[in-house]
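# Working through the structure, step by step
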Amino acid sequence: MIVIEASILSADFARLGEQARQAEAARVDAIQVDVMDGCFVPDITFGPGVVRALRPLVSLPLDVHLMIVEPEKHLEVFAGAGADRLIVHQETCPHLHCVLQCIRELKTETGVALTPGTPLSVLEEVLDLADLIQVMTVNPGWGGQPFIHSQLDKIRRLRRILDERGLDTPIAVDGGIDPTTAPLVVSTGATVLIAGSSIFNNRASVAENVAALRASVSK
Ligand code: DX5
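Taken together, the buried positions of helix H4 (residues 96-105) are occupied by Leu96, Val99, Leu100 and Ile103. One face of H4 carries all of its buried residues, which in axial projection span an arc of 95°. Against helix H3 (75-81), strand E4 (85-89) and strand E5 (109-114) lie the buried residues of H4. Of the residues trailing H4, Lys107 is marked for its positive phi of about 60°.

We now examine the site of the ligand. Among the 18 residues in the neighbourhood of the ligand, the closest are listed as Ser7, Gly141, Asp174, Gly196 and Ser197. With respect to the ligand, the side chain of Ser7 contributes an N or O atom lying 2.8 Å from an oxygen atom. A distance of 3.1 Å separates an oxygen atom of the ligand from a polar atom in the side chain of Asp34. Protein contact buries 100% of the 380 Å² of open area that the ligand shows by itself. Listing elements by their share of the shell around the ligand, those giving two or more residues are strand E2 (30-36) and strand E3 (62-67). Classifying every residue of the shell around the ligand by side-chain character gives seven nonpolar, nine polar and two charged.

Mapped onto the fold, Gln90 is located in the loop between E4 and H4. Leave out the neighbours within four places in its chain, and Gln90 touches Leu96, Val112, Ala113, Leu114, Thr118 and Val122.

Rules of the game
Just so you know, the residues in each chain are numbered from 1, in the order the chain's sequence is written. It should be noted that, the model being predicted, local features are given only for residues of pLDDT at least 70 and side-chain atom pairs only at 80 or more, the latter also being counted only at that level, while totals for whole chains, interfaces and linings use all residues. Hydrogen atoms and water are omitted, and side-chain values are computed over all heavy atoms in the structure. The classification of residues rests on relative accessible area computed with a 1.4 Å probe and restricted to protein chains. Under 20% of the type maximum is buried, over 50% is exposed, and intermediate values are partly exposed. A run of DSSP states H or I qualifies as a helix once it reaches four residues; a run of E qualifies as a strand once it reaches two. Both are numbered from the N-terminal end. The arc refers to the directions leading from the helix axis to the C-beta atoms. Residue contacts follow a heavy-atom distance rule, with two residues in contact if any of their heavy atoms lie within 4.5 Å. Think of it this way: one heavy atom of a residue within 4 Å of a molecule or strand is enough to make that residue near it. Between N or O atoms, a polar contact is any pair within 3.5 Å; within protein, one atom must be a potential hydrogen donor and the other a potential acceptor, and residues adjacent in sequence are included only when both atoms are from side chains. Each accessible area is a Shrake-Rupley result for a 1.4 Å probe, and residues are judged covered by the shown protein chains and nothing else. Think of it as three bins: nonpolar holds Ala, Val, Leu, Ile, Met, Phe, Trp, Tyr, Cys and Pro, charged holds Asp, Glu, Lys and Arg, and polar takes everything else, Gly as well.

Below, the structure written as structure tokens:
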């Protein structure tokens with residue numbers, strides 16, 4: 001089953017709750033909340049308060065993508081705010097094994113994200129602690145960037161490594177996902193598609209955009 005997550009980074013911030021509900025009505029499978037700290041990535045976006053505000057508005061899982069330095073200092077407050085999954089970047093975690101264990105102790109699912117420049121080898125010792133691996137298909141920091149095609153082979157290799165280890169860990173992709181790139185990533189083994197600007201835009205409604213994305217991977 002292909003999972004579609006709406007990244008609210010591209011939503012209208014003045015109507016965040018309404019847009020999250022529109023995505024739920026459009027039958028996305030989860031909402032991704034992109035947390036940026038102005039340090040690991042240039043922009044500053046959402047804190048735990050936004051997660052707490054969205055929690056009662058949708059019954060969908062809330063995946064919190066932590067694009068922040070020292071994420072270990074913020075795990076508990078985001079879990080307490082209602083996050084169902086906490087996704088940390090390997091590039092910000094010198095103690096990744098410990099961070100993933102901490103997330104699990106908070107009864108929250110774990111995710112590890114890799115920027116396009118980070119090799120798969122960094123995951124070797126923690127694969128069994130990750131409930132999801134998120135391959136960034138853009139350099140993190142903004143919505144609306146072009147898809148980086150070189151990541152297709154990375155997804156294919158990751159799927160092979162996981163299969164060889166007997167792990168059915170889902171692979172998520174994030175960045176530049178639309179009805180053209182979605183079939184490409186699915187053909188290489190990704191099953192979780194995170195999309196922002198192809199869902200939230202002025203070209204069509206959220207419902208129409210999600211339907212187009214879903215149709216592109218249902219052929
Ligand atoms: C970027 C974020 C993405 C972004 C995706 O750093 O992690 O989730 O919102 O946006 P699109 O789908 O527009 O590339």
